[in-house]
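Structural characterization, general
Take a look at the letters that make up each chain.
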Amino acid sequence: MLGINDPGVLLGYLLSIAGLIACVVYGVLNWNKGMETSTEEIQRDLDWEEKDEHIKEDI
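Along each chain, residues carry numbers from 1 onward, in the same order as the chain's sequence is written. The model is predicted, so local features are restricted to residues of pLDDT at least 70 and side-chain atom pairs to those at 80 or more, both for listing and for counting; the totals for chains, interfaces and linings are taken over all residues. Side-chain descriptors were evaluated using all non-hydrogen atoms of the structure, hydrogens and water having been removed beforehand.

With that out of the way, let us pick up the overall build of the chain. Tallying secondary structure elements over the chain gives two helices and zero strands in all. Atoms considered for the radius of gyration are the C-alpha atoms alone. The globule rule reads 2.2 Å times the number of residues to the power 0.38. Computed over the C-alpha atoms, the radius of gyration of the chain is 23 Å, more than 25% above the 10 Å expected from 2.2 N^0.38 for a compact globule of 59 residues. Principal-axis analysis of the C-alpha atoms gives the chain an extent of 65 × 30 × 10 Å. Out of the 59 residues in the chain, the part that is buried amounts to 0%. Residue burial considers only the protein chains on display, and all accessible areas are found by Shrake-Rupley using a 1.4 Å probe. Roughly 5800 Å² of accessible area belongs to the chain as shown, and the carbon and sulfur atoms make up 63% of that amount. Each helix is a run of DSSP H or I of at least 4 residues and each strand a run of E of at least 2, with the numbering of both proceeding from the N terminus. Accessibility here uses a 1.4 Å probe with only protein chains present; expressed as a share of the type maximum, an area under 20% marks a residue as buried, one over 50% as exposed, and anything in between as partly exposed.

In structure tokens form, the structure reads like this:
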């Protein structure tokens, strides 16, 4: 079949194609989803960045 004599090679090709399709489907489903959805999560990140700046100043 297509010059592929070893089933392991065929399996590798099929799994590569399946992985490609899975990645494309995942990308399409999650295209424009935001990372932070709640204001609490955004505020926590802002607090962390502020704390990080203070630590860098102390060093």
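Once that is clear, we can look at a nonpolar patch on the surface. Note that patches include only residues with greater than 30% relative accessible area and no salt bridge, and the join distances are 9 Å for like charges and 5 Å for nonpolar side chains (Val, Leu, Ile, Met, Phe, Trp, Tyr). Any Lys or Arg side-chain nitrogen located within 4 Å of an Asp or Glu carboxyl oxygen qualifies as a salt bridge. Together, Ile17, Ile21, Val25 and Leu29 line one region of the surface with nonpolar side chains, adding up to about 390 Å² of accessible area. Structurally, the position occupied by Val25 is in helix 1 (residues 7-29).

The next thing to look at is the pattern of salt bridges. Overall, the coordinates contain one salt bridge when judged by the stated rule. In this structure, Lys56 engages Asp52 in a salt bridge whose closest nitrogen and oxygen atoms are separated by 3.7 Å. Taken together, the residues span about one helical turn, with Lys56 and Asp52 both in helix 2 (residues 39-58) at a distance of four residues. Classification of Lys56 by relative accessible area gives exposed; the value is 58%. In this structure Asp52 comes out as partly exposed when scored by relative accessible area, which is 26%.

Turning our attention to a negative patch on the surface. A grouping of Asp47, Glu49, Glu50, Glu53, Glu57 and Asp58 is seen on the molecular surface, where their side chains present a negatively charged patch. Of note, Asp47 is situated in helix 2. The partly exposed category is assigned to Asp47, whose relative accessible area is 42%. Think of it this way: Lys and Arg go in the positive column, Asp and Glu in the negative one, and His and the chain ends go nowhere. Charge coordinates come from a single atom per side chain, which is NZ of Lys, CZ of Arg, CG of Asp or CD of Glu.

Within the fold, Leu2 resides in the segment before helix 1. Along the primary structure Leu2 and Lys33 are separated by 31 residues, whereas in three dimensions their C-alpha atoms are 41 Å apart.

Spatial relationships are all this shows, so hold off on functional conclusions.
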